[in-house]
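Residues per chain are reported as follows:
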Amino acid sequence: MDSKRAVILVSGGMDSATAVYEAVDRGYEPYLLHTSYGQQTESKERECAKALAEEVDAADFLHVETRHLAAIGASSLTDDSIDVEDADLESDEIPTSYVPFRNANLLSMATSYAEANDCSAVFIGAHSEDFSGYPDCRPAFFDAFEDVIDAGTKPETEIDLIAPFVEWSKTDIAERGMELGVPYELTWSCYRESSPACGTCDACAFRLQAFQRIGVKDPIEYEERPEYVDG
């Protein structure tokens, strides 16, 4: 292995973009993996992921179609019969946007990609506000998947699964991203719309709240910009 390389899962959103810059800051050469799985904003997300790859001069950008997740359904992101709900930032329920066991699918592909390219790490941008609602974003899940990687790859393969923000809030990520100079204008989080962002789905709400908490205007366009910070 000539250099330290990492596969970073990139959705087109702010968390994964920050994970890319975090990986680069830690000295990894970035290999970006983006998947389209039938989500409503897949074209916009792919556009943003590709722009990010160009921005960081990624060693490679791999786009993979994973239509089986849409065929399986049971998520408002992939099933037109299920509405994308308005944000409820206090809810402890698993939201309808949960795509069943998505991260296991994505991490499996990332591990294959990493092993094929002699990468020593896989990065994912999941964080604490994710795992409060999404079971496949929990620290225990990532710990277990690290064991799967160790058991299922070649004996000489060593790949670390790194979720650098798993104990962080969205606000923490936004602060770190500003320190790293992440171009958030090249990212997209909205579950509903490709332009402008709706401003009222869960993804928009958590994103806007994070920027409002750090006193920075989110650089993307919104249909609405509700205030998600008290006082």
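Everything below is about the structure printed above this text.
Definitions and limits used
Residues numbered from 1 in each chain as written. Predicted model: local features only at pLDDT ≥ 70, side-chain atom pairs only at ≥ 80, totals over all residues. Heavy atoms only, no water. Axes fitted to C-alpha atoms, helices over the stretch in contact; angles between N-to-C directions. Helix = DSSP H or I, 4+ residues; strand = E, 2+ residues; numbered from the N terminus. Left-handed = near helix turned anticlockwise from the far one by under 90°. Contact = heavy atoms within 4.5 Å. Nonpolar A, V, L, I, M, F, W, Y, C, P; charged D, E, K, R; others polar. Pairing = 2+ DSSP bridges. Buried < 20%, exposed > 50% of the residue type's maximum accessible area, 1.4 Å probe, protein only. 1 Å grid on protein atoms, 1.4 Å probe; cavity = no way out; pocket = protein on both sides within 12 Å on 5 of 7 lines; lining within 4 Å. Points joined across faces, edges and corners; volume = space filled by probe spheres on them. Right-handed = clockwise from strand over helix to strand, strands pointing away.

K.L.:
Help me out: how do you make sense of the packing of helix H4 (residues 102-116) against helix H6 (residues 139-152) in this one?
P.N.:
Between two packed helices, what matters for the description is the angle formed by their axes and the separation of those axes. At a minimum axis distance of 11 Å, the contact between H4 and H6 shows a crossing angle of 35°. By crossing handedness, the relation of H4 to H6 is classed as right-handed. On H6, the residues touching Asn103, Ala104, Leu107, Ser108 and Thr111 of H4 are Phe141, Phe142, Phe145 and Ile149. Looking at the contact of H4 with H6 residue by residue, the classes come out as six nonpolar, three polar and no charged.

K.L.:
Whenever I open this one, the sheet that holds strand S5 (residues 160-162) confuses me. Can you help?
P.N.:
Two modes of strand pairing occur in sheets, parallel and antiparallel, and in both the strands are linked by backbone hydrogen bonds. Across the sheet, which stays open at both edges, the five strands sit in the order S3-S2-S1-S4-S5 with parallel pairing between neighbours. Two strands in the sheet have a free side with no partner beyond their single neighbour: strand S3 (60-65) and S5. Taken pair by pair, the neighbouring strands of this sheet meet at an average axis angle of 20°, ignoring direction. Sheet strands in contact with helix H2 (residues 42-55) are strand S2 (29-36) and S3, and its direction is about 170° off that of S2.

K.L.:
When you look at unusual backbone geometry in this model, what are you seeing that I'm missing?
P.N.:
The phi angle of most residues is negative, glycine excepted, and most peptide bonds adopt the trans form. The omega torsion of the bond from Ser195 to Pro196 falls at -10°, within 30 degrees of zero and hence cis. In this structure, Pro196 sits in the loop between helix H7 (170-180) and helix H8 (202-214). The phi angle at Phe101 is positive, at roughly 60°, despite the residue not being glycine. Among the structural elements, Phe101 can be located in the loop between helix H3 (68-72) and H4. You can call Phe101 partly exposed: its relative accessible area is 48%. Of note, Asp118 is a non-glycine position whose phi angle comes to about 55°, a positive value.

K.L.:
Whenever I open this one, empty space enclosed by the protein confuses me. Can you help?
P.N.:
Leftover empty space is mapped by rolling, across the atoms, a probe with the size of a water molecule. As enumerated under the stated definition, the model contains two cavities of 30 Å³ or more in all. Approximately 50 Å³ is the volume found for the largest cavity. The wall of the largest cavity is formed by Ser76, Val84, Glu85, Pro95, Thr96, Ser97, Tyr191, Cys201 and Asp202. Residues of the lining of the largest cavity, tallied by class, amount to four nonpolar, three polar and two charged. Taken together, Ser97, Tyr98, Val99, Arg102, Asn103, Tyr134, Asp136 and Cys137 make up the lining of the second largest cavity.

K.L.:
Help me understand the pairing of strand S1 (residues 5-9) in this model?
P.N.:
For a regular strand, side chains alternate in direction, first toward one face of the sheet and then toward the other. Within S1, five of the five residues are buried, leaving the element largely enclosed by the surrounding structure. Residues Arg5, Val7 and Leu9 of S1 are buried on one face, and the alternating residues Ala6 and Ile8, pointing to the opposite face, are buried as well. Bridge count for S1 against S2 is five bridges, and the pairing is parallel. Looking across to S2, one finds that Arg5 is bridged to Glu29. For the handedness criterion, the β-α-β arrangement of S1, helix H1 (residues 14-25) and S2 is classed as right-handed. Direction of pairing for S1 relative to strand S4 (residues 121-123): parallel, over a ladder of three bridges. When the bridges of S4 are listed, Ala6 appears paired with Ala121.

None of the figures reported here should be taken as evidence of function without further support.
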